[in-house]
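The lines below spell out each chain.
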Amino acid sequence: MKPSFAVVGCGRVGSALGRHLAGAGYRPAGFSSRRPESARDAAMLAGAPDKWFAEPWDAARTADILLITTPDGVIAETCREIAEKGGIRNGAVVLHCSGMLPSTILAAAADGGAWIGSMHPLQSFAARQHPDNPFAGIMAAVEGDAAAVEVARMMATDLGSTPFVIQTGGKTLYHAAAVAASNYLVTLMAVAVELMAASGAPRQDAFRILKPLVMGTLGNIETLGAADALTGPIARGDLDTVAAHIAAIGNLSPDMLKFYKQMGRATVPLARSKGTLSETAARRLLEMLA
Ligand SMILES: NC(=O)c1ccc[n+]([C@@H]2O[C@H](COP(=O)([O-])OP(=O)(O)OC[C@H]3O[C@@H](n4cnc5c(N)ncnc54)[C@H](OP(=O)(O)O)[C@@H]3O)[C@@H](O)[C@H]2O)c1
């Protein structure tokens, strides 16, 4: 028999966890949220319409697994409050889903005899309801006490995700990696689209024009690694092309030129490690991109 679980904080992640854990055979024990209607909706979604509670400690009291899926800023105080009101069973597993915060913010639950951990689904949850299982095929970072990690791994696997264990002390950098890969890719693409539109290509087609190049590059990084996937003027040491880019972008926007130069400077060491850029050309490029 699968463990029972409670969800406190029935928003996008909490509602999806409730629905899909129940779908995987975990037994809903209780749902609670700031607004009763959120708890009621999540309980309905999990197929357990009578399992919503006004107070989080009442929702949590009998659960084998307590998931605190409030916004990051109130996870610690929510946990403390539940523990103080006797809502955490001895031997229960208490998890949060923040990508940034360590499991140690759940210390109040550990003091009360629970195992603590975190499970961060590397997915963007934009709504409370999804047509499909948003956990299917994604990665989930887990950390915490050994017993909590064991449960988080099992849960992630049962949800259709692939769990991997990270260091508790490495969570901030783990989260920074995710931000760089996702959010900064958006920034990078916005700049590329701007440059493409400024070249005279129809703005509405700019991303479609660039997309096959982007997808091909991602494929090359996957098979070859970042340095060997690098092509283009910096990898070749083509100073004239870089100089022409600097002049053209400089005419367009000082901010975009700053961005281009910054990215170029970060690209030079990659080109050096690939072995296609001479030391002299690298030095000259760094001067141009300063
Ligand atoms: N969204 C994502 O893409 C994503 C991805 C991975 C991980 N996460 C993590 O998942 C966790 C939840 O994020 P989310 O995006 O699901 O947030 P969300 O949609 O804002 O949901 C949070 C829910 O918690 C409820 N809440 C707020 N304060 C509360 C309190 N003091 N006590 C009880 N419930 C409270 C909210 O209230 P109401 O009752 O008013 O509805 C809301 O429904 C966070 O740790 C976040 O970092 C999010």
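Conventions we followed
Residues numbered from 1 in each chain as written. Predicted model: local features only at pLDDT ≥ 70, side-chain atom pairs only at ≥ 80, totals over all residues. Heavy atoms only, no water. Helix = DSSP H or I, 4+ residues; strand = E, 2+ residues; numbered from the N terminus. Polar contact = N/O pair within 3.5 Å; in protein donor to acceptor, adjacent residues only side chain to side chain. Pairing = 2+ DSSP bridges. Axes fitted to C-alpha atoms, helices over the stretch in contact; angles between N-to-C directions. Contact = heavy atoms within 4.5 Å. Near = heavy atom within 4 Å. Areas by Shrake-Rupley, 256 points an atom, 1.4 Å probe, with all protein chains shown as cover. 1 Å grid on protein atoms, 1.4 Å probe; cavity = no way out; pocket = protein on both sides within 12 Å on 5 of 7 lines; lining within 4 Å. Sits in = over half its atoms within 2 Å of the grid points. Nonpolar A, V, L, I, M, F, W, Y, C, P; charged D, E, K, R; others polar. Right-handed = clockwise from strand over helix to strand, strands pointing away. Salt bridge = Lys/Arg side-chain N within 4 Å of Asp/Glu carboxyl O. Buried < 20%, exposed > 50% of the residue type's maximum accessible area, 1.4 Å probe, protein only.

Chemist: Looking at this model, I keep getting lost on the environment of Asp-58. Mind explaining?
Modeler: Along the chain, Asp-58 falls in helix α3 (residues 56–60). Taking the C-alpha atoms as reference points, Asp-58 and Val-179, separated by 121 residues in sequence, lie 36 Å from one another. Within the structure, the side chain of Asp-58 is placed 2.7 Å from the side chain of Arg-61, a separation counted as a polar contact.

Chemist: Looking at this model, I keep getting lost on the sheet that holds strand β1 (residues 4–8). Mind explaining?
Modeler: Whether parallel or antiparallel, the strands of a sheet pair through hydrogen bonds between backbone atoms. In space, the seven strands of this open sheet follow the order β2-β1-β3-β4-β5-β6-β7, with mixed pairing throughout. Two strands in the sheet have a free side with no partner beyond their single neighbour: β2 (27–32) and β7 (162–165). Put simply, the sheet's adjacent strands are angled 25 degrees from each other on average, direction ignored. Bridge analysis of strand β5 (residues 115–121) against strand β6 (residues 139–144) gives five bridges, and the strand direction is antiparallel. Looking across to β6, one finds that Pro-121 is bridged to Ala-140. Strand contacts of helix α1 (residues 12–23): β1, β2, β3 (65–68) and β5, with the helix running at about 165 degrees to β1, the strand carrying the most contacts. Where helix α4 (residues 75–84) meets the sheet, its contacts fall on β1, β3 and β4 (93–96), and the angle it forms with β3 comes to roughly 140 degrees.

Chemist: What's the story with the site of the ligand in this structure? I'm lost.
Modeler: Surrounding the ligand, one finds 23 residues, the nearest of these being Val-13, Ser-33, Arg-35, Ser-38 and Asp-72. The contact in question runs from an oxygen atom of the ligand to an N or O atom on the side chain of Arg-12, over 2.9 Å. Contact between the ligand and Val-13: an oxygen atom at 2.8 Å from a main-chain N or O atom of the residue. Protein chains bury 83% of the 890 Å² of accessible surface belonging to the ligand in isolation. Comparing atom positions with the cavity grids shows the ligand to sit within the second largest pocket. Mapped by element, the contributors of at least two residues to the shell around the ligand are α1 and β5. Partitioning the shell around the ligand into residue classes produces eight nonpolar, ten polar and five charged.

Chemist: It is not clear to me how the pairing of β2 should be interpreted in this structure. Could you clarify?
Modeler: Bridging between β1 and β2 involves five bridges; their strand directions are parallel. Paired with Phe-5 across the strands is Pro-28, a residue of β2. For the handedness criterion, the β-α-β arrangement of β1, α1 and β2 is classed as right-handed.

Chemist: For this particular structure, what's the right way to read the pattern of salt bridges?
Modeler: A side chain with one charge may pair with a side chain of the opposite charge, provided their charged atoms come close. For the coordinates displayed, the defined rule picks out ten salt bridges. Between Arg-236 and Asp-238 there is a salt bridge, and its shortest N-O distance comes to 3.7 Å. With relative accessibility at 55%, the residue Arg-236 sits in the exposed group. Overall, Asp-238 belongs to the partly exposed group, its relative accessible area being 23%. Where Arg-284 meets Glu-287, a salt bridge forms, and the shortest distance between an N and an O atom there is 3.2 Å. Taken together, the positions of Arg-284 and Glu-287, both in helix α13 (residues 279–288) and three residues apart, correspond to about one turn of that helix. Under the relative-accessibility criterion, Arg-284 is labelled partly exposed at 40%. When salt bridges that share partners are traced, they join Arg-27, Asp-64 and Arg-89 into one network.

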